[in-house]
Amino acid sequence: QVQLVESGGGLVQAGDSLRLSCAASGRTFSTRRMGWFRQAPGNEREFVAAIRWSGDSTYYADSVKGRCTISADNAKNTVYLQMDRLKPEDTAVYYCAAAQSYFKNPISSFSYDAWGQGTHVTVSS
């Protein structure tokens, strides 16, 4: 079992930046890919970004492409999501997720086996 703890959320203004962190512990050796998802009030959970633990093969949702960067630090078992030029529509709870397989669809929440508790991001206009 992998445990995930997100941090770095907060209240910011439009145009600001935030860096979210996701620290993994437990059976991290079984993890092949990490992802970030978000869920705004009244909306379904949606894909944001994903990365292999090796650091290659990144994926981004169109809504954040060019504004967000996902990265992985294997030595620290931590994945980051750098978010720049934030918009009010980025307001959501952001969840970190871990997948044990390379072969499942990286943008589907069903491909992930473990989830963190989430960190709140609020962007004011």
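Residues numbered from 1 in each chain as written. Predicted model: local features only at pLDDT ≥ 70, side-chain atom pairs only at ≥ 80, totals over all residues. Heavy atoms only, no water.

1. Notes on the overall build of the protein
Link 1 in the chain: For the protein, the helix and strand inventory stands at zero helices and eleven strands.
Link 2 in the chain: Of the regular secondary structure in the protein, the N- to C-terminal order runs β-β-β-β-β-β-β-β-β-β-β.
Link 3 in the chain: Its C-alpha atoms give the protein a radius of gyration of 13 Å, within 12% of the compact-globule value 14 Å for 125 residues.
Link 4 in the chain: With the C-alpha coordinates aligned to their principal axes, the bounding extent of the protein is approximately 40 × 25 × 25 Å.
Link 5 in the chain: Of all 125 residues assigned to the protein, the portion counted as buried reaches 44%.
Link 6 in the chain: Pairs at least 24 residues apart make up 58% of the contacts formed inside the protein by residues separated by at least 6 positions.
Link 7 in the chain: Of the accessible surface of the protein, which amounts to about 6400 Å², a share of 47% is contributed by carbon and sulfur atoms.
Link 8 in the chain: Side chains of the protein give 13 positive and 11 negative charges; the mean places of these two sets differ by 6 Å. (Helix = DSSP H or I, 4+ residues; strand = E, 2+ residues; numbered from the N terminus. Rg over C-alpha atoms; globule rule 2.2 N^0.38 Å. Buried < 20%, exposed > 50% of the residue type's maximum accessible area, 1.4 Å probe, protein only. Contact = heavy atoms within 4.5 Å. Areas by Shrake-Rupley, 256 points an atom, 1.4 Å probe, with all protein chains shown as cover. Lys, Arg positive; Asp, Glu negative; His and termini not counted. Charge placed at Lys NZ, Arg CZ, Asp CG, Glu CD.)

2. Digging into the side chain of Thr28
Link 1 in the chain: Secondary-structure assignment places Thr28 in the loop between strand 3 (18-26) and strand 4 (33-39).
Link 2 in the chain: For Thr28, a relative accessible area of 17% puts it in the buried group.
Link 3 in the chain: Excluding residues within four positions of it along the chain, Thr28 makes contact with Val2, Trp53 and Asn77.

3. Examining the packing of aromatic side chains
Link 1 in the chain: Counted according to the given criterion, the structure contains four aromatic pairs.
Link 2 in the chain: Three or more aromatic residues joined by ring pairs form one cluster here, namely Phe37, Phe47, Tyr112 and Trp115.
Link 3 in the chain: We note Arg45 situated over the ring of Tyr95; from NZ or CZ to the ring centre the distance is 3.9 Å.
Link 4 in the chain: Sitting over the ring of Trp115, Arg45 keeps its end group 4.8 Å from the ring centre. (Phe/Tyr/Trp six-rings, centres within 6.5 Å; stacked < 30°, edge-to-face > 60°. Lys NZ or Arg CZ within 6 Å of the ring centre and 35° of its normal.)

4. Some remarks on the nonpolar core
Generally speaking, nonpolar side chains in soluble globular proteins are found buried as a group.
Link 1 in the chain: If you look at the biggest cluster of nonpolar residues, it comprises 35 residues, and the most contacted ones within it are Leu4, Met34, Trp36, Leu81, Met83 and Tyr94.
Link 2 in the chain: Put simply, the parts of the chain that give this core at least two residues each are strand 1 (2-7), strand 3, strand 4, strand 5 (46-52), strand 7 (68-73), strand 8 (78-83), strand 9 (92-99) and strand 11 (119-124).
Link 3 in the chain: For Met34, the residues in contact, after removing those within four places along its chain, are Leu4, Cys22, Ala49, Ala50, Ile51, Trp53, Ile70, Val79, Cys96, Ala97, Ala98 and Tyr112. (Core = buried A, V, L, I, M, F, W, Y, C linked by side-chain atoms within 4.5 Å.)

5. A closer look at the sheet that holds strand 7
Link 1 in the chain: The four strands lie next to each other as 1-3-8-7, forming an open sheet whose pairing is antiparallel. Bordering the open sheet on either side are strand 1 and strand 7, each of which pairs with just one other strand. Here the strands of the sheet are splayed against their neighbours by 15° on average, with no regard to which way each runs.
Link 2 in the chain: Where strand 7 and strand 8 come together, six bridges link them in antiparallel fashion. Across the sheet, Cys68 pairs through a bridge with Met83, a residue of strand 8. (Pairing = 2+ DSSP bridges. Axes fitted to C-alpha atoms, helices over the stretch in contact; angles between N-to-C directions.)

6. Quick notes on unusual backbone geometry
Link 1 in the chain: In this structure, Asn77 takes a positive phi of about 50° despite not being glycine.
Link 2 in the chain: Along the chain, Asn77 falls in the loop between strand 7 and strand 8.
Link 3 in the chain: Classification of Asn77 by relative accessible area gives partly exposed; the value is 26%.

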